[in-house]
Structure formats: structure tokens, C-alpha cells
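Architecture and fold: a report
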Amino acid sequence: MSAIDILSLLPIALGGFFFLAGTVGLLRFPDVYARLHALTKADNLGLGLIVIGLAVNAESWFVAGKLFLIWALVMVSGASVAHLVARGALQRGIQPWRR
Amino acid sequence: MTMAAGILYALVGAALFGLGLHALIVKTHLFRKILALNVMGSGTFLMLVGAGSGGIRVLPDAVPQAMVITGIVVAVSATALALTLMLRIAEETGHAELPGERSG
Amino acid sequence: METMTLLGWAFDGLLGTGLVWLAWRALSSPSLFTAVVLFVAFGLVLALAWVRLDAPDVALAEAAIGAGLTGALLLGALARLHGSSAHKSPGADAVRSRTRVVAWPLAAAATLVVICGLAATLIVITPTAVGLGAEVARNLRASGVSNPVTAVLLNFRGYDTLLETAVVLLALIGARSIGTAIDVASASAPGSPVLETFARFLAPLAILVGGYLLWVGAYAPGGAFQAGAVLAALGVVFALSSRKHGAMPAAEFPLRLVLVLGPAAFVVTAAITLVLRGHLLEYPPVHAGVLIMVLEAAATLSIGATLLALFSGPSFFRNNGR
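Residues numbered from 1 in each chain as written. Chains lettered and ligands numbered in written order. Predicted model: local features only at pLDDT ≥ 70, side-chain atom pairs only at ≥ 80, totals over all residues.

1. So, the overall build of chain B
What counts is decided by this rule: Only DSSP runs of H or I covering at least 4 residues are called helices, and only runs of E covering at least 2 are called strands; the numbering of each starts at the N terminus. Counting other C-beta atoms within 10 Å of its own, a residue is labelled buried from 20 upward, exposed at 12 or fewer, and partly exposed in the gap between, with every C-beta atom placed from the backbone. Contact between two residues is assigned whenever their backbone-derived C-beta positions fall within 7 Å.
A count of helices and strands for chain B gives three helices and zero strands. A total of 104 residues make up chain B; the buried ones form 71% of that total. For chain B, the share of sequence-separated contacts (at least 6 apart) that also reach a separation of at least 24 residues comes to 60%.

2. Observations concerning the overall build of chain A
Of the regular secondary structure elements, chain A holds three helices and zero strands. Along its sequence from the N terminus, chain A presents helices and strands in the succession α-α-α. Along the longest, intermediate and shortest principal axes, the C-alpha atoms of chain A span 55 × 25 × 15 Å. Split into buried and exposed, the 99 residues of chain A put 13% on the buried side. Intrachain contacts of chain A at a sequence separation of at least 6 include 66% that bridge at least 24 residues.

3. As for unusual backbone geometry
Residues and elements named next belong to chain C. One non-glycine residue, Asp54, lies in the positive phi region at around 60°. Inspection of the secondary structure puts Asp54 in the loop between helix H2 (32-52) and helix H3 (56-83). Of the residues examined, Asp54 has 18 C-beta atoms within 10 Å and is grouped as partly exposed. Even without being a glycine, Leu281 presents a positive backbone phi close to 55°. Within the secondary structure, Leu281 sits in the loop between helix H11 (252-277) and helix H12 (288-312).

4. A look at the interface of chain B and chain C
For clarity, the cut-off: Under the convention adopted here, Pro, Cys and the residues Ala, Val, Leu, Ile, Met, Phe, Trp and Tyr are nonpolar, Asp, Glu, Lys and Arg are charged, and Gly plus all remaining residues are polar.
At the junction of the two partners, chain B supplies 75 residues and chain C supplies 84 residues. At the level of secondary structure, the elements contributing two or more residues to the side of chain B that touches chain C comprise helix H1 (3-26), helix H2 (30-51) and helix H3 (62-93) of chain B. By residue class, the composition of the side of chain B that touches chain C is 49 nonpolar, 20 polar and six charged.

5. Some words on the nonpolar core
Counted only if it meets this: Any nonpolar core is a set of buried residues, restricted to Ala, Val, Leu, Ile, Met, Phe, Trp, Tyr and Cys, that join up through C-beta atoms within 7 Å.
Counting 131 residues, the largest nonpolar core has Met86(B), Leu69(C), Val230(C) and Ala233(C) as the members making the most contacts within it. Each residue touching Ala233(C), except ones within four places of it in the same chain, is listed here: Ala64(C), Gly68(C), Leu69(C) and Ala206(C). Leu47(A), Leu49(A), Ile50(A) and Val51(A) belong to the second largest nonpolar core, which has five residues in total.

6. Side note on H2(C)
All names here are of chain C. We apply this condition: Given a helix with a known number of residues, its expected span is that number minus one, times 1.5 Å.
Taking 1.5 Å per residue, 21 residues should reach 30 Å; H2 reaches 30 Å between its end C-alpha atoms and fits that length. Burial in H2 covers these residues: Leu32, Ala35, Val36, Leu38, Phe39, Val40, Phe42, Gly43, Leu46, Ala47, Ala49 and Trp50. Just downstream of H2, Asp54 is the residue with a positive phi angle, here 60°.

7. Side note on the confidence of the model for chain B
Residue and element names in this part refer to chain B. Here is the rule: Every residue carries a pLDDT, the predictor's confidence in it, which falls somewhere between 0 and 100.
Per-residue pLDDT for chain B has a mean of 87; in total, 88% of the residues score no lower than 70. For chain B, the element scoring lowest by mean pLDDT is H1, at 91; H2 scores highest, at 94. Quick note on the complex model: pTM equals 0.91, ipTM equals 0.93.

8. Concerning the interface of chain A and chain C
Each partner contributes to the interface: chain A provides six residues, whereas chain C provides six residues. Its residues assigned to classes, the side of chain A that touches chain C comprises two nonpolar, three polar and one charged.

9. Remarks on the packing of H3(C) against helix H10 (residues 224-241) of chain C
All names here are of chain C. Let me state the cut-off plainly: Axis lines are fitted through C-alpha atoms, for helices just across the contact stretch, and the angle between N-to-C directions can take any value from 0 to 180 degrees. Roughly parallel refers to an angle under 35 degrees, roughly antiparallel to one over 145, roughly perpendicular to one between 65 and 115, and oblique to any angle outside these ranges. It is the rotation of the near helix from the far one that decides the hand of a crossing: anticlockwise by less than a right angle makes it left-handed, clockwise makes it right-handed.
In the contact formed by H3 and H10, the axes pass within 9 Å of each other and the chain directions differ by 30°. One element, H3, and the other, H10, form an angle in the roughly parallel class. Crossing of H3 over H10 shows left-handed handedness. Note on element contacts: H10 touches H3 through Phe225, Gln226, Ala229, Val230, Ala232, Ala233 and Val236, opposite Leu60, Ala61, Ala64, Ile65, Gly68, Leu69 and Ala72. Among the residues making up the contact of H3 with H10, the classes are represented as twelve nonpolar, two polar and no charged.

10. A look at H11(C)
All names here are of chain C. For the record, the criterion: Two axes define the bend at a residue: one fitted to the seven residues ending there, one fitted to the seven starting there, and the bend is the angle between them.
Here H11 is 26 residues long and its end C-alpha atoms lie 37 Å apart, about the 38 Å a rise of 1.5 Å per residue gives. The largest bend in H11 comes to about 45°, at Leu261, with the proline Pro263 one to four residues further on. Within H11 the residues assigned to the buried category are Leu259, Leu261, Gly262, Pro263, Ala265, Phe266 and Thr269. Among the structural elements, helix H7 (158-178) and H12 are those in contact with the buried residues of H11. Gly278 sits one or two positions beyond H11 and adopts a positive phi of about 85°.

Spelled out as C-alpha cells, the structure:
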């Protein structure tokens with residue numbers, strides 16, 4: 001278990017934790033808007049950490065660049081889809097949860 | 001991948017095939033039948049590649065993988081055609097079910 | 001060849017259980033929309049299983065076509081089904097008439113017999129199965145590419161791929177001739193600016209990724225079908241973002257040409273090789289690499305256009321007055 005491996009595993013484990021947090025939010029939050037919040041924020045951050053962990057261990061700069069490109073694409077599509085889902089929910093009359 | 005993992009996934013494929021077959025027989029709504037057919041297809045693909053990995057060979061066998069890729073593409077076209085048929089039936093009869101299977 | 005570690009067993013067991021559970025929930029869910037969502041999740045987990053089985057090409061195809069495009073097709077059909085004025089509630093099904101009550105346990109028993117038979121066969125034949133891997137490896141250098149899956153698809157079993165492109169086109173012709181009058185465009189909400197911007201942002205990237213997948217398929221996981229699926233996905237995003245759902249701005253004839261390009265290229269090549277070499281699709285080893293790339297390019301365009309046409313339905317060919 002070299003130093004590079006540890007440096008790579010730490011962000012990956014942290015990213016996994018964020019994914020877990022996002023899933024807990026998906027299961028526990030009261031309405032669709034809050035769940036979207038949990039999903040996009042936590043999952044994007046989790047994916048970023050995992051990508052950083054993998055990039056540390058990547059074979060070349062090219063591969064690391066591709067990994068970051070994947071993260072950027074997931075963020076953009078996640079944001080767009082979250083907007084569309086929220087918009088669809090609003091149009092169907094789903095009101096945000098009030099305390 | 002070792003033979004044991006291949007057999008494990010092949011058995012999963014058999015289970016999926018059975019699940020899909022049961023749903024295909026029992027469900028009356030055509031959309032569910034189409035979903036069931038897709039699950040059966042995925043089960044078949046798993047059985048093909050699962051049985052084709054490991055064993056005496058050392059490298060992954062490319063022939064079942066190529067067959068499965070072909071199968072995936074053909075399955076999506078068949079699904080599209082089946083969905084069009086279902087929509088047409090729904091349009092003509094008002095229900096997305098075959099006439100003989102509706103109760104009453 | 002590594003032995004299965006405990007972690008490997010746990011992961012594969014979890015994956016397999018997840019697959020069966022997702023499929024069961026998808027098939028037994030009362031809401032059709034939930035069923036489709038679960039089915040898409042099932043497809044993505046299946047892509048992970050393909051990676052575990054050392055089949056990255058299949059994983060790419062499953063994620064793009066099996067989960068992505070099939071999910072889009074199913075949701076599009078669901079929207080059209082619910083948009084039509086006459087449809088039964090999606091929950092009403094399964095045990096309805098008296099015959100169904102009898103059929104359920106009978107079907108379950110029959111299915112169990114089938115599963116046991118399949119499982120027994122698989123356990124018996126897999127350990128001693130030889131497969132064709134050795135033959136493929138032996139002839140790989142003469143095939144023109146170094147990715148064995150591409151070699152099998154485009155060279156050793158090129159005939160199957162020829163038939164496959166024809167089958168996809170046939171499905172489109174069938175779907176077109178059946179057709180429906182249900183138009184999604186009239187039932188849908190006006191397009192979102194976010195979606196349109198997303199589509200425009202995605203376009204150059206998707207074309208780049210598609211071209212890359214096509215090119216890299218010769219020596220690494222990838223290939224024509226995966227690339228075609230990426231292009232079709234781009235088309236689906238555009239179809240969903242424009243107000244005229246799926247209506248292509250291009251003129252009709254070039255569009256039909258692209259649809260036929262794949263099967264036509266295969267048939268022409270098959271005819272030429274039949275005449276020159278006496279066998280169908282037997283490439284001269286010197287030119288095999290170039291020939292495979294040309295065929296794959298034609299197949300990519302064709303598959304992309306045909307899958308998009310299958311998704312868009314009747315509005316694909318609407319001529320916008322050009």
C-alpha cells in the first residue's frame with residue numbers, strides 16, 4: 001500500500017461517504033425539490049472527490065483529463081436535468097414542502 | 001474473470017429469464033409484457049457471456065460478447081416496434097391489452 | 001488469472017442480487033413510470049456486471065442502448081399512451097379475470113422448472129466449455145483490427161452484422177408503416193431554455209465522443225454501435241428540446257439516404273467480395289482495416305439515424321417546407 005494508493009483511496013472513500021449522504025437525503029427528505037437538492041449537491045461533490053482520487057492514480061495526464069471531463073459533463077447534465085425535473089414538478093402543481 | 005464469477009452471473013441470468021417469463025405470462029398490460037421481454041433478453045445475454053467467461057479459456061471470449069452486442073441492438077429495435085404496435089392497439093381498441101385478455 | 005477474493009465474491013453477489021431485485025421490482029411495480037425508471041436503473045447496474053465479466057464493449061453498448069435509448073423509447077411511448085384519450089389506468093393488470101387467478105401459480109411453477117433446467121445446464125456445461133477465444137486470438141492479426149470484439153463483429157461474423165443493420169432498418173419500416181396519429185408535440189409543454197442550451201452545449205461533445213468511440217473501436221473497447229447510440233442520444237435531446245418534437249429540419253431525401261447507408265454499405269461490400277474472392281464478406285487482409293473502418297462509419301451514421309427515427313416516431317419525417 002504505497003503513499004500514492006493512500007492518497008488515492010482517501011478522496012474515494014470521502015466521495016463514497018458523500019454519495020451515501022445524498023442517498024440518505026433522497027430517502028428522507030419531504031418533497032421532490034429537497035431531494036433534488038440532496039442528489040445534485042452531494043452526488044456531484046462525491047463524484048468530484050472520486051475523480052480526484054482516481055486521477056491521482058491515473059496512468060497519464062490524458063487519462064486524468066478525461067476523468068475531469070466526465071465530472072464536468074455529469075455536473076452540467078445533472079444541473080440541467082434537476083432544473084427540468086423541478087420545472088416539471090412545479091407544472092404538475094407539486095408545492096414545496098412547508099414546515 | 002474466473003469461472004466461478006461467470007457461473008454466478010449466468011445463474012443470475014437464468015433467474016432474470018425466469019422472472020421475465022413469469023411476468024410475460026401473467027401480466028395483461030402490453031407495456032408490462034414489453035418490459036418482461038426486455039428483462040428476458042438481458043437474462044439471456046448474461047447467460048451467454050457468463051457461460052462464455054472462465055472455464056478452460058484464459059482470455060475473455062469475444063464471440064459471445066459480439067453476439068450480445070448484436071442482441072442488444074436488435075432488442076432495442078424490437079422494443080421500438082413492439083411499442084408502436086402497443087400504441088396502435090391502444091388507439092384502435094382503447095386499451096393497451098390484447099382483446100382476449102381483458103376481463104369482461 | 002486471479003482467484004476470487006472474498007471482496008470479489010461479496011461485490012458480485014451484491015451486484016447479482018441487486019439485478020434480480022431491480023428486475024422484480026420493475027416488473028411488479030403498480031406505476032408504469034416507476035417500472036421504467038427501475039428498468040433504466042437495472043440496465044445501468046447490468047452495465048456494471050458486464051464490466052465485471054471483462055466485457056467493456058458490451059458494458060458501453062448496454063449503458064448507451066440498453067439503459068439509455070430503451071429508457072427513452074419506453075418513456076416516450078408511455079407519454080403517448082397517457083396522452084391518448086382512451087387508456088386504462090396503468091395499475092390495473094395481473095390478476096383480473098378468473099383465468100388469471102389459475103394462471104399465476106401455474107406460471108410460477110413452470111417458470112421455476114425453466115430456471116432450474118437452465119441453471120443445471122449452465123453449471124454442467126460451463127466448466128468444460130472451450131469457446132472460440134483461441135481461434136479469434138489466432139486470426140486476430142489477419143483481421144485488420146486489434147480489438148477482438150470488433151474483429152468478430154465486423155470481420156469474422158460480418159454477415160451477422162449485415163443482417164443486424166438490415167433488421168434495425170426493418171424495425172423502422174415496420175414502425176413507420178404501423179404508425180400512430182398520437183403526436184407528442186401537441187401534448188407536451190413548451191420547450192425549456194435550459195434544455196435547449198444543454199442540447200447546444202452537448203452537440204459538439206457528443207459528435208466528438210461518437211467519432212472517438214468509432215475510431216477507438218479498432219484497438220480498444222468501443223465500436224460502431226456504441227458510437228451510433230451516442231449520436232442517437234444527441235438527436236433525442238434535440239428532439240425533446242425543440243417545440244416541434246423530433247421534426248428534423250433537414251430535407252427528407254438525404255435523411256432517408258443516411259438511414260439506408262449502413263445496410264447498403266454492407267450489402268455492396270458483400271457483393272464485391274463475393275464476386276472478387278468467392279466468399280461473402282471475405283476481406284483481403286491488406287485492406288481489411290480500412291474496409292472495417294469504412295463499414296463501421298456507415299453503420300454508425302445509420303444506427304444513429306435509425307434509433308433516432310424509432311424514438312421520434314411519425315414526426316421524424318415531417319418536412320418543414322424545405
